[in-house]
Amino acid sequence: MIRAIEWQDNKLRILDQSALPWQERYLELSSYQDVASTIREMKVRGAPAIGIVAAYGIVLGAQGIRTSSPTEFITQLNLIMQTFAATRPTAVNLFHVLARMTKAAASRESIYDINSALRHEATSIHHEEIAASRQLSQFGAELISDDFTILTHCNTGSLATGGYGTALGIIKTAVKQGKKVDVIATETRPLLQGARLTIWELQQENIPATLITDSMAGYLMHQKKINCVIVGADRIAANGDTANKIGTYSLAVLAQENSIPFYVAAPTSTFDLTMTTGDQISIEHRNPEEVTLFSGTRIAPRGTVALNPSFDITPHNYVSAIITERGIIKSPYKQALPNMVVKEI
Ligand code: MRU
């Protein structure tokens, strides 16, 4: 398994996803400010990975607090949490992690105890995500038959989860089970997570993959070249509406139009039952220069007005099933989800 996130000797080591596939560059981070910038700049990205890295970032931040007063310590810790909360708004894993770390620090007798509890919680979060992605991959692989061609969007593998992967984890598991699988990866404009990261990850695993531009998906579906679509998620509302990388909604509509199953694969840490529908999910809008420039090169005339919503919402009626580590959930989601998923944020 690719080691995208490692916690070693009180330092966080991450594979810089913004440099892939050109360079396999590791960053050693020892301050919480650096960890927060790394998330903001998408050197680490993907909903579960953002949560794991933020947890370790909080550990680093707490270790740097210089006070002997536990009350003052908690005040400063809360400011560190706020820094992470402001990095990326859509993936809910981050906010579940902040709630867990806050709870872990509460009611401790000493600063030493708070630091130990935070370290313990961060490691548990990381281990739980690894286990969840392995388990959901097993469940999801049951939906894959031999000779399937699977279309996937964005990047949902070890890089995005710090573990085995969600949609890509399912694909890897199906291949390990001996099934012959072809993958169609959308390039995923504007930051090309599909072209840069998914293709790179699949090459590491020797899994055949073909790259398409985002706009080619409908043509292939209409040509009956795709057996199913599997994507990840950044936040799933209580009714099954799913926020995921921009372009997911279009794929879901095209899949339904062409009678192709459309699966969402996500650990339960990606559910947000406090949101009754997807309309309540905050969508991150990033710098329009990510659209008008690529890798520093201008691809649209100066003065171009561009939009850059980073995610969209796929209404639950387009989702054939949601694959989690606790099992496969099918419609009606409003009834099924509360039994499967933790409620608290
Ligand atoms: O903006 P990104 O690259 O962080 O967006 C990531 C996605 O949308 C992924 O599909 C999602 O986080 C699932 S990752 C297992």
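Residues numbered from 1 in each chain as written. Predicted model: local features only at pLDDT ≥ 70, side-chain atom pairs only at ≥ 80, totals over all residues. Heavy atoms only, no water.

### Points about the sheet that holds strand E8 (residues 235-237)
Taken together, the four strands give an open sheet; going across it, the order is E11-E8-E9-E14, and neighbouring strands pair in mixed fashion. What marks the edges here is a single partner per strand, and that holds for strand E11 (271-272) and strand E14 (311-314). (Pairing = 2+ DSSP bridges. Helix = DSSP H or I, 4+ residues; strand = E, 2+ residues; numbered from the N terminus.)

### As for the domain arrangement of the protein chain
Taken domain by domain, the protein chain comprises domain 1 (5-134) and domain 2 (142-340). For domain 1 versus domain 2, the distance between C-alpha centres works out to 25 Å. Contacts between the two partners involve 30 residues from domain 1 and, on the opposite side, 32 residues from domain 2. Between domain 1 and domain 2, a total of about 2,600 Å² is buried, with carbon and sulfur atoms accounting for 55% of that surface. The salt bridge involving glutamate 284 is made with arginine 88; its shortest N-O contact spans 2.9 Å. At the boundary of domain 1 and domain 2, one finds 18 residue pairs in polar contact (both at pLDDT 80 or more). Secondary structure elements with two or more residues in the side of domain 1 that touches domain 2: helix H2 (47-63), helix H4 (93-105) and helix H5 (111-141). Residues belonging to the side of domain 1 that touches domain 2 are distributed by class as follows: 16 nonpolar, eight polar and six charged. (Domains from an automatic or database assignment. Contact = heavy atoms within 4.5 Å. Buried area = accessible area lost by both parts, 1.4 Å probe. Salt bridge = Lys/Arg side-chain N within 4 Å of Asp/Glu carboxyl O. Polar contact = N/O pair within 3.5 Å; in protein donor to acceptor, adjacent residues only side chain to side chain. Nonpolar A, V, L, I, M, F, W, Y, C, P; charged D, E, K, R; others polar.)

### Thoughts on the packing of aromatic side chains
To describe a pair of aromatic rings, one takes the distance between the centres and the angle between the planes. All chains considered together, the criterion is met by three aromatic pairs. Judged by centre distance (4.8 Å) and plane angle (5 degrees), the ring pair of tryptophan 7 and tyrosine 56 falls under stacked. Residue tryptophan 7 is located in strand E1 (residues 5-8), and its partner tyrosine 56 is located in helix H2; the two are separated by 49 residues in the primary sequence. For tryptophan 7, a relative accessible area of 22% gives the class partly exposed. The lysine or arginine in question, lysine 172, covers the ring of tyrosine 164, its NZ or CZ lying 4.5 Å from the ring centre. Above the ring of phenylalanine 311, the side-chain terminus of lysine 245 is found at 4.4 Å from the ring centroid. (Phe/Tyr/Trp six-rings, centres within 6.5 Å; stacked < 30°, edge-to-face > 60°. Buried < 20%, exposed > 50% of the residue type's maximum accessible area, 1.4 Å probe, protein only. Lys NZ or Arg CZ within 6 Å of the ring centre and 35° of its normal.)

### Things to note about the nonpolar core
Counting 45 residues, the largest nonpolar core has Ile5, Leu12, Ile58, Leu77, Phe84, Met101 and Leu118 as its most contacted members. For this core, the secondary structure elements donating two or more residues are strand E2 (11-15), strand E3 (26-29), helix H1 (32-40), H2, helix H3 (70-85), H4, H5 and helix H8 (193-204). By residue number, the principal contributor to this core is H2, which donates eleven residues. When we break this core down by domain, the ones giving at least three residues each are domain 1 (5-134) and domain 2 (142-340). Isoleucine 58 has contacts with Leu77, Ile80, Met81, Phe84, Leu98, Met101 and Leu118, leaving out every residue within four places of it along the chain. (Core = buried A, V, L, I, M, F, W, Y, C linked by side-chain atoms within 4.5 Å.)

### Quick notes on unusual backbone geometry
Going from leucine 20 to proline 21, the amide bond is cis rather than trans, its omega being 5 degrees. The omega angle of the peptide bond from serine 331 to proline 332 is 0 degrees, so this bond is cis rather than trans. Looking at the element boundaries, proline 332 is found in the loop between strand E16 (327-329) and helix H12 (333-340). You will see that aspartate 9, though not glycine, has its phi angle at about 45 degrees, which is positive. Mapping aspartate 9 onto the fold places it in the loop between E1 and E2. According to the relative accessible area criterion, aspartate 9 is exposed, its value standing at 75%. For threonine 188, which is not glycine, the phi dihedral falls at a positive 70 degrees. Summarising the element assignment, threonine 188 is placed in the loop between strand E5 (181-186) and H8.

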